[in-house]
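# Examining the three-dimensional arrangement
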Amino acid sequence: MERRDAAILGFGAGATALITGLTVWAALLLGVTAVEGGTLSAVSLAVLVLTTLAAFEIVAPLPAVAAKLGAIRASGARLFGVLDAPPSVAPPARTGLEPDGDPTVRVRDLRVRYGPEEPWALDGVDLEIPAGWTVAVIGPSGAGKSTLASVLLRFRDPEAGRVEIGGTDVTAYPADEVRALVSGVPQDPHVFASTLRENLRLARPGAEDDELWAALRRARLADEVTAMPEGLDTRVGTHGLGLSGGMVQRLALARALLASPRVLVLDEPTAHLDPDTRDAVIDDLLDAAEGYSTLLITHDLAGLERVDRIYVVREGRVIQSGTHAELSREEGWFRTVSAH
Ligand SMILES: Nc1ncnc2c1ncn2[C@@H]1O[C@H](COP(=O)(O)OP(=O)(O)O)[C@@H](O)[C@H]1O
Ligand SMILES: [Mg+2]
């Protein structure tokens, strides 16, 4: 596209200069003949030549406009594509969660349980994910970590307390609107029995291949897909190509990134991986999460030196929080687990 535009621009500018030159010369030649023949005064000749030059000044910008035309036409087509697309969300109860606003997540005294007789899965959790930070929530199985993820993704609502994004209580907004801002990789990402392309497009129906490739590159899966003979058309899932655990995580991450979220929630992304791939995958995930506000939920310590803050959750409560260095010094659950 850019190469073609440059070619039009170069050719157009060159052609304009050439035609201007030729026309001025022709005007001069005819003019000089006319002056010699006495039908044109010398002053008129000068005026004629200057007018010719002035006339071309008007058309000189046209090649630049022609070169831009392709891009403008493409933007127009995209715009009409958006306008023509049926709305994917039912008319919301209330709109206004700013997609470009401050994505800071604030969890205040959050309480969640799975039934009136059940114990609290989250029992007064306070936590903050400032814009652009990576925050880890670590704790034993059953601590309430996945419950926290499901509240952030609006799959469950708090029974008490609040979750705010950019200072706004998320329960005031339609779930779809919240999920456009917060996207996640679930604890057991599902690979649908279809092509890689369709698996990715779930997050953004109608996404172009170059958008899919960009997401695959960020999720560090592009090289593997390039190596597959059928590329994006490769069938995966049941009856398809079996993907390794690490590839499933990367595919799920690429899918999450395609939704262009501001906040990423990664729920135990390395739970099913062997220790050798675990570190590599967590490194890649954290690289890809650069620039997003990220919540990394984990029960092992891989990658935790890289996060900005760690919360230790146990039985639905935050029992410790701080940087990796702080928690490593502090007496408590974190140091005990680190020592093993
Ligand atoms: N769908 C559910 N129905 C009932 N109880 C649940 C459900 N999901 C989780 N729980 C309970 O909530 C508590 C927290 O679970 P979970 O959030 O999955 O913890 P973690 O992800 O830290 O292992 C546990 O006691 C668990 O048994
Ligand atoms: Mg869990």
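Protein coordination of the magnesium ion (ligand 2) is provided by Ser-146 (OG) and Gln-187 (OE1), with donor distances spanning 2.1 to 2.4 Å. Taken together, the residues span a long stretch of sequence, with Ser-146 in helix H4 (residues 145-152) and Gln-187 in the loop between strand S6 (182-185) and strand S7 (194-195) at a distance of 41 residues. A relative accessible area of 29% places Gln-187 in the partly exposed class.

Here the focus is the packing of aromatic side chains. Taken as a whole and assessed by the stated rule, the structure comprises zero aromatic pairs. Taking NZ or CZ as reference, Arg-113 lies 4.1 Å from the ring centre of Trp-120, over its face. Sitting over the face of the ring of Tyr-311, Arg-309 holds its NZ or CZ atom 5.6 Å from the ring centroid.

Further remarks concern the pattern of salt bridges. When the charged atoms of two side chains with opposite charge come close together, those side chains can pair. This structure, assessed with the given rule, holds 22 salt bridges. Between Arg-111 and Asp-123 there is a salt bridge, with its nearest N and O atoms 2.9 Å apart. With a gap of twelve residues between them, Arg-111 in strand S1 (residues 105-113) and Asp-123 in strand S2 (residues 120-129) connect regions that are remote in the sequence. With relative accessibility at 25%, the residue Arg-111 sits in the partly exposed group. Exposure remark for Asp-123: the relative accessible area of 14% places this residue in the buried category. For the salt bridge of Glu-331 with Arg-335, the shortest nitrogen-to-oxygen distance reads 3.5 Å. When salt bridges with common partners are traced through the structure, they connect Arg-106, Arg-108, Asp-126 and Glu-128 into a single cluster.

Bringing the pairing of strand S3 (residues 134-138) into the picture now. Counting buried positions along S3 gives five out of five residues, so the element sits mostly inside the fold. Residues Thr-134, Ala-136 and Ile-138 line one face of S3 and the alternating positions Val-135 and Val-137 line the opposite face, and both faces are buried. Here S3 pairs with strand S10 (residues 293-298) via five bridges, running parallel. The residue of S10 that forms the bridge with Ala-136 is Leu-296. For S3 and strand S11 (residues 309-314), the ladder comprises four bridges, and the chain directions are parallel. Bridge assignment links Val-137 to a residue of S11, and that residue is Tyr-311.

Right, let's get into the sheet that holds S2. Ordered by their spatial adjacency, four strands build an open sheet running S2-S1-S4-S5, and the pairing between neighbours is antiparallel. The open sheet has two free edges, formed respectively by S2 and strand S5 (168-169), since each of these has just one partner strand. Inspection of the sheet shows S1 paired to S2 by seven bridges, in the antiparallel sense. In the sheet register, Val-112 faces S2, and the bridge partner there is Leu-122.

With respect to the helices, strands and loops of the structure, Asp-308 is situated in the loop between S10 and S11. It is 8.0 Å that separates the C-alpha atoms of Asp-308 and His-324, two residues lying 16 residues apart in sequence. Ignoring sequence-local partners within four residues, the contact set of Asp-308 consists of Gly-132, Trp-133, Thr-134 and Thr-323. At 2.8 Å, the side chain of Asp-308 forms a polar contact with the backbone nitrogen of Thr-134.

On to the site of ligand 1. In the region of ligand 1, the neighbouring residues are Tyr-114, Ala-121, Pro-140, Ser-141, Gly-142, Ala-143, Gly-144, Lys-145, Ser-146 and Thr-147. Within the contact set of ligand 1, an oxygen atom lies 2.9 Å away from a side-chain nitrogen or oxygen of Lys-145. Between ligand 1 and the protein, one listed contact pairs an oxygen atom with a side-chain N or O atom of Thr-147 at 2.5 Å. Protein chains bury 58% of the 560 Å² of accessible surface belonging to ligand 1 in isolation. Partitioning the shell around ligand 1 into residue classes produces four nonpolar, five polar and one charged.

Cut-offs applied
- Residues numbered from 1 in each chain as written.
- Chains lettered and ligands numbered in written order.
- Predicted model: local features only at pLDDT ≥ 70, side-chain atom pairs only at ≥ 80, totals over all residues.
- Heavy atoms only, no water.
- Donors = N, O, S within 2.8 Å, 3.2 Å for Na, K, Ca; no water.
- Helix = DSSP H or I, 4+ residues; strand = E, 2+ residues; numbered from the N terminus.
- Buried < 20%, exposed > 50% of the residue type's maximum accessible area, 1.4 Å probe, protein only.
- Phe/Tyr/Trp six-rings, centres within 6.5 Å; stacked < 30°, edge-to-face > 60°.
- Lys NZ or Arg CZ within 6 Å of the ring centre and 35° of its normal.
- Salt bridge = Lys/Arg side-chain N within 4 Å of Asp/Glu carboxyl O.
- Pairing = 2+ DSSP bridges.
- Contact = heavy atoms within 4.5 Å.
- Polar contact = N/O pair within 3.5 Å; in protein donor to acceptor, adjacent residues only side chain to side chain.
- Near = heavy atom within 4 Å.
- Areas by Shrake-Rupley, 256 points an atom, 1.4 Å probe, with all protein chains shown as cover.
- Nonpolar A, V, L, I, M, F, W, Y, C, P; charged D, E, K, R; others polar.

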